[in-house]
Amino acid sequence: MKKIVLIVAMMASVMGLKAQNCELIVLPFFGGNHEAMDAYPQEKFEWRCAFARAAFYVSDTVPTGAEVYSITEVMDLESGEYLPVNYRVNLDELSFYAYDFHDFQLRYPRGNVTIYFTTPASEHRYLVLRSIDDTYAFAEKLINKE
């Protein structure tokens, strides 16, 4: 009986994550290869999705002394082109894996620096990239909450 409950709970969490555009935000991790994504173990896929979801939030303010970059400094890994100044943030579709956000995080090797990107064309003034440490911690919360 416990196995059935566990399986049902796992399926519910998978459906919850998939409802949040997980395929869209994780697909760039696989270089756009749907077959590779479909063959990926479900538990690892869920982790990738939670990590991508946990990486960002938006804000209208920046703390004093924060690391701030322009969204135009972010590069699309597939095309090699930088995001335009009129880029509009949509957290349901923004993929951590499609752009060089990890490179920004690696600029701060201690793993504890939150990075802000100006997004003048978006509803909120800043896209916030959590530190590596915070991204992992928040992803764990998302996985364990489901």
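These figures come from a predicted structure and were not determined experimentally.

Draft legend 1. Seen up close, the overall build of the protein chain. Across its full length, the protein chain carries 6 helices and 4 strands. Its helices and strands in sequence order give the protein chain the pattern α-α-α-α-β-β-α-β-β-α, from N to C terminus. For the protein chain, with 146 residues in total, the buried portion stands at 38%. Of the contacts formed within the protein chain by residues at least 6 apart in sequence, a portion of 65% connects residues at least 24 apart.

Draft legend 2. Structural context of the state of the cysteines. Tallied over the full model, the rule gives 1 disulfide. Two residues, Cys 22 and Cys 49, share a disulfide whose sulfurs are 1.8 Å apart. Because the sign of the S-S torsion sets the handedness, a value of about -60° for the bond joining Cys 22 and Cys 49 places this disulfide among the left-handed ones. Highlighted residues: Cys 22 in helix H2 (residues 22-26) and Cys 49 in helix H4 (residues 42-54), separated in sequence by 27 residues.

Draft legend 3. Layout of the nonpolar core. Counting residues in each nonpolar core, the largest one holds 35 residues, and the members touching the most others are Phe 96, Phe 101, Phe 117 and Leu 129. Of all the secondary structure elements, the ones that give two or more residues to this core are H2, H4, helix H5 (101-106), strand E3 (115-118), strand E4 (126-129) and helix H6 (132-145). The element that contributes the greatest number of residues to this core is H4, accounting for 6 residues. Once residues within four sequence positions are removed from consideration, Phe 117 is found in contact with Tyr 69, Ser 70, Ile 71, Val 74, Phe 101, Phe 104, Arg 125, Tyr 126, Leu 127 and Leu 129.

Draft legend 4. Spatial organisation of H6. Here H6 is 14 residues long and its end C-alpha atoms lie 20 Å apart, about the 20 Å a rise of 1.5 Å per residue gives. For H6, the full list of buried residues reads Ile 132, Thr 135, Ala 139 and Leu 142. Taken end-on, H6 shows its buried residues confined to a sector of 85°, consistent with a single buried face. Along H6, exposed side chains directed more than 90 degrees from the buried face belong to Lys 141, Asn 144 and Lys 145. Where H6 is buried, its residues contact H4 and H5.

Draft legend 5. Up close: the packing of H4 against H6. Between H4 and H6, the least distance of the axes is 8 Å, while the angle of their chain directions is 125°. Here H4 is positioned oblique relative to H6, judged by the angle of their axes. Crossing handedness for the pair H4 and H6: right-handed. Here H4 contributes Glu 46, Trp 47, Ala 50, Phe 51, Arg 53 and Ala 54 to the contact with H6, which in turn contributes Thr 135, Tyr 136, Phe 138, Ala 139, Glu 140, Leu 142 and Ile 143. Tallied by class, residues from the contact of H4 with H6 come to 9 nonpolar, 1 polar and 3 charged.

Reading the values: rules and limits
Residues numbered from 1 in each chain as written. Predicted model: local features only at pLDDT ≥ 70, side-chain atom pairs only at ≥ 80, totals over all residues. Heavy atoms only, no water. Helix = DSSP H or I, 4+ residues; strand = E, 2+ residues; numbered from the N terminus. Buried < 20%, exposed > 50% of the residue type's maximum accessible area, 1.4 Å probe, protein only. Contact = heavy atoms within 4.5 Å. Disulfide = S-S within 2.5 Å. Core = buried A, V, L, I, M, F, W, Y, C linked by side-chain atoms within 4.5 Å. Expected span 1.5 Å × (residues − 1). Arc of directions from axis to C-beta. Axes fitted to C-alpha atoms, helices over the stretch in contact; angles between N-to-C directions. Parallel < 35°, antiparallel > 145°, perpendicular 65-115°, else oblique. Left-handed = near helix turned anticlockwise from the far one by under 90°. Nonpolar A, V, L, I, M, F, W, Y, C, P; charged D, E, K, R; others polar.

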